[in-house]
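Next come the chains, spelled out residue by residue.
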Amino acid sequence: MTMLSFVGMVASLVVVIFALPPGSDQGSFWAFFIGFLAAFAFSGLGNGSTFRQIPVIFRDQHMRQAEGQGPEAQSAALKQSETEAGAVTGFSSAIAAYGFFFIPAMFAAMAVTNALWIFIGFYATCLAVCWWFYARKGAEAPS
């Protein structure tokens, strides 16, 4: 689901950019509106799938390491995975909170289309990282 959300976000923001008026008043309000609605929907999908994926990745990693070591080792691995997943989820939430500052600041500091292209670059980078670590054949932590 995370891969889908990144692709959807990039596509939605491209629609928004091309709906903006190029130096005139001839933009398309409905394409802009639907593009942003889709961007928000894909953002929510990405947020939910990311926060669901974090505990699963840690659980799988620790359970692989404890495989064949008995129930006590598996119980300890599960407890350790919950601790680490909680810490990473909290850290990820703290970093995500900066979005409420940086996004409006970017819109205020530069042209809207430039800010949107930067967002597209960011999401494309996130897509590449997600694909490399979680989706490609032979990935480190397939999901």
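To be clear, the structure that these remarks concern was listed above.
Let me sum up the structure you'll find in this document.

Parameters at a glance
Residues numbered from 1 in each chain as written. Predicted model: local features only at pLDDT ≥ 70, side-chain atom pairs only at ≥ 80, totals over all residues. Heavy atoms only, no water. Patch = residues over 30% accessible without salt bridge, like charges linked within 9 Å, V, L, I, M, F, W, Y side chains within 5 Å. Areas by Shrake-Rupley, 256 points an atom, 1.4 Å probe, with all protein chains shown as cover. Salt bridge = Lys/Arg side-chain N within 4 Å of Asp/Glu carboxyl O. Helix = DSSP H or I, 4+ residues; strand = E, 2+ residues; numbered from the N terminus. Buried < 20%, exposed > 50% of the residue type's maximum accessible area, 1.4 Å probe, protein only. Phe/Tyr/Trp six-rings, centres within 6.5 Å; stacked < 30°, edge-to-face > 60°. Lys NZ or Arg CZ within 6 Å of the ring centre and 35° of its normal. Disulfide = S-S within 2.5 Å.

**Describing a nonpolar patch on the surface**
Among the surface-exposed residues, Phe29, Trp30, Phe33, Ile34 and Leu37 lie close enough to one another that they form a single nonpolar patch of about 570 Å² accessible area. Residue placement: Leu37 occurs in helix α2 (residues 29-65). For Leu37, a relative accessible area of 46% puts it in the partly exposed group.

**Some details on the pattern of salt bridges**
The full count for this structure, using the stated rule, is one salt bridge. Across the salt bridge formed by Asp60 and Arg59, the nearest N and O atoms sit 3.7 Å from each other. We classify Asp60 as partly exposed; its relative accessible area is 29%.

**Overview of the packing of aromatic side chains**
Applying the stated rule across the entire model yields eleven aromatic pairs. Centroid distance Phe107 to Phe119: 5.7 Å. Interplanar angle 90°. Geometry classified as edge-to-face. Placement of Phe107 in helix α4 (residues 99-109) and of Phe119 in helix α5 (residues 112-135) is noted, with a sequence separation of twelve residues between them. Members of the aromatic cluster, each reached through a chain of ring pairs, are Phe29, Trp30 and Phe33. Sitting above the plane of the Trp132 ring, Arg136 keeps its charged end 3.8 Å from the centroid.

**As for the state of the cysteines**
A complete count under the given rule lists zero disulfides for this structure. Here Cys126 stays unpaired: no disulfide links it, and the sulfur of Cys130, its closest cysteine neighbor, is 8.7 Å away.

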